[in-house]
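# Topology and contacts: notes
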Amino acid sequence: MKFYRSASIAHAALVGMFFSLVAPALADDPAGHLPRQTLAYVGWDGVLDDSNAGILDAIPAILKLVEEDTGPQGMILRVLPLLDQALRADGAAALLGFAWDRGPMPVFAIVMHGPGRQIMAAVDAMHGDASEDSVGGVVCKHAGDFAWGVHRDTFFFCSRSATEQVIASLVDPGQSLAGTTAFREARDAARIPADPDWHFTVYKNIPQLLQALKTASEDAGDPAPDEFWQVIDELGINQMRQGILHVAPDDKYTATRIFLGYEGTPRGLLKLWQQAAVTGKDLNRVPADAYWASVCNLNLAEVWQEVLRVIEEIEPDLISDIEGGDAMAASMLGFSPTQDLLPIFADTWIWHDAPDNGGLLITGAVLQVETHDAEGLRAIFGRLMQIAAPVAAAQEVSLTVRQADHNGHTIDYLTLPGLPVPIAPAVAFHDGFAVCGLSPQAVKVVLDHLDTPAARGGLASHQDVEEIQARLGGPLQAFYYSDARYTTQMSYGLNLLVQTMATSLAGADIADLPTLPQVLDGMGATVGGCREVDGGVLYESYATGGMPALLPTDLAVVGLLLSILLPSLARARTLAKRAVSASNLRGLGQGFHIYSNENREDFPDSFEELVAAGYVTPDMLVAPEYWEEPTSDAEVAALQARGLLTADNPGSDLLRTSYVLIPGQSQAADVRNVLVYEKRFNEDGANVLFLDGHVQFLPWWEVGQKVRETYQRLGREDEIPAEFR
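Residues numbered from 1 in each chain as written. Predicted model: local features only at pLDDT ≥ 70, side-chain atom pairs only at ≥ 80, totals over all residues. Heavy atoms only, no water.

## A short note on helix α10 (residues 300-314)
The line we're drawing: Helical segments are the DSSP runs of H or I of at least four residues, strand segments are the runs of E of at least two, and each set is numbered from the N terminus. A helix is expected to reach a length of 1.5 Å times the quantity of its residues less one. Throughout, exposure labels follow a simple rule: accessible area from a 1.4 Å probe, protein chains only, divided by the maximum for the residue type, with under 20% read as buried, over 50% as exposed, and the rest as partly exposed. Here a residue-residue contact requires only that any non-hydrogen atoms of the pair lie within 4.5 Å. In protein, a polar contact requires one atom able to donate a hydrogen and another able to accept it; more generally it is a pair of N or O atoms within 3.5 Å, and residues adjacent in sequence count only if both atoms are side-chain atoms.
An ideal rise of 1.5 Å per residue puts 21 Å on 15 residues; α10 measures up with 21 Å between its terminal C-alpha atoms. Among the residues making up α10, those that are buried are Glu306, Leu308, Val310 and Ile314. Where the residues of α10 are buried, they touch α8 (226-234) and α11 (317-333). N-capping of α10 is provided by Asn299, with a side-chain oxygen placed 3.2 Å from the backbone N of Ala301.

What follows is the structure, given as structure tokens:
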């Protein structure tokens, strides 16, 4: 199965990238060549072998079809031999910290053990103007912000500022990441085997990473607002300790292990694992010949309560908006999405597809959802159809709900007569579960299996599932299964086309590519599960030959498992900044109303009037996401010395601001009018201050709609900003 080793690694690499983590503790382990201060790390050993070297060999031929050995393509051609050597050896890329210059710039290190001197010579040839000196007894070279060198057989390339600590770890392995308690604990908790034939590893130290971000931003004078750290705390990210992902061969399996360590009582995201265990009865609701299946327990009503708790801690004013939105939805729908719908669902969710379902791609997928009140859920479905039917009729579309009886079960399904719609969503109820599919036929097949599970056999009795589940242990909060033979058969044709093209360009022998039976030889199932363990949460999957195939549902759950990633932190930072901006707008709203109470209910026509009157300060005019600093006290004093920004002569356009004011309004105007809105620096949308003083975050299309309606009510359509016309 050497041919698919690179596919296994590539798959794991994509998972690692999905988790946005940027990392083993033996003498030749890459972690033994990195500084103790490493925050996050990706490590590999034996990614390529001779059976798949043609992948890299084909790239130069492809590039030469575009342009000869000049320009960016030429640079890639020169780098490829280095990449080839690096992937054949063991190596690592590490994040060591941040340098702050209009945003976080990573301080990094890359080490490659083995062909260090060959790589060094190739890099030297690309940088003829590099300077040379000695650091810690090791000769190294540097050009610009980068440094590189070789210690024994290990090549390093790093940020110049990290040269000393990288060399120190190479000279003294006792000062390396491999020797740290946090790294060893993460490896032990993930049950990572010693000295595998090959491996791909990702590691992250969450507390150190958070602290590095905080320190770097503070040193740069751009600290994250307190609200950001409150978000981090309420989401439970402050409780997280280490995250590690490891892919390697294990006996006759390819094993993927992910561990997230945390401490204290779970809160926020960590509450997702406070769920009941998956049972054999749950697994047997899936037929044994399923292509794939995902079974997990998730109580939506409890999750929603935790979401509300987090929101109330971070931004209490939003609770009333959420309650108002839910009440409005209830008045329109006839039921409350949060009070009526969520409590109907129990905690077991089962996705699966099987040959008898007769689907093409995902059209045979079936969802089984455990319910507390089947009749209540059926009534909600009916209400939704009552609402949707007239809307569809207005578009000359007929929505028709029909019923079919199948062995004593009633199947409701939706059709659109007269239109070539390839699906007919259907639902039936069986033993406390709603069985949902994209066709009545798929639902019928599942009902037959559930009525006679002994005749067809359930997933819990599948030979591969029984064997691998014994390795997983229990109890499991989530369970995942995939038939690797099926997914490989589905993708082989496309893979063969790509491999043939690459092999032809590289001048290699196409006849050496494996046949489908060769690829399938020894393949079986991939089985995985997620469970709570001492000190954290552990995900493990085992693949019988071939590459470990994680389903989209797996990625979603495991993505939650490692929701410690930089994109998540960036999102939290964005939400925190958004909350600060909303707070600014509420303060501006109070200032506007105080001003109007003293000026015949008229609002001022510029922010400068508010500042001159002393109702707001210049820093309230700038949102955290805005790239400029607020107008400083010194600048305000200079303006006042010139006779500006005073009560008698407030001026306009004198202060830096993140907001746009719609002037010429008073308290007598329509309360639906927009008074102030954010400039467009966030593609998600903007905070909007309405005339009645409330603030709401809206998507950009809705901001434009509200602004247009405001100018229309004011009779000033010709003043609508161009971007909203």
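## Focus: the packing of aromatic side chains
We apply this condition: We call Phe, Tyr and Trp rings a pair once their centres come within 6.5 Å, taking the six-membered ring for Trp, and we label the pair stacked below 30 degrees between planes, edge-to-face above 60, and tilted otherwise. In our convention, an over-ring charge means Lys NZ or Arg CZ found within 6 Å of a ring centre and within 35 degrees of that ring's normal.
On inspection of all chains with the given rule, the structure shows 16 aromatic pairs. Geometrically, the ring pair formed by Phe345 and Trp349 is tilted, given 5.4 Å between the ring centres and 40° between the ring planes. In this structure Phe345 comes out as buried when scored by relative accessible area, which is 15%. Here Trp349 falls in the buried class, since its relative accessible area comes to 17%. Linked through ring pairs, Phe108, Phe146, Trp148 and Phe157 together constitute an aromatic cluster. The ring of Trp229 is capped by Lys214, whose NZ or CZ atom sits 5.4 Å from the centre of that ring.

## Some remarks on the environment of Ile662
Tracing the chain through its elements places Ile662 in the loop between β21 (659-661) and β22 (674-678). The exposure class of Ile662 is buried, given its relative accessible area of 0%. A sequence separation of 57 residues divides Ile662 from Glu719, and the C-alpha atoms of the two residues are 9.7 Å apart. Filtering out sequence-adjacent residues up to four positions away, Ile662 remains in contact with Val674, Leu675, Tyr677, Val707, Thr710, Tyr711, Leu714 and Arg716.

So, to be careful, I would describe these as geometric facts and stop short of saying anything about function.
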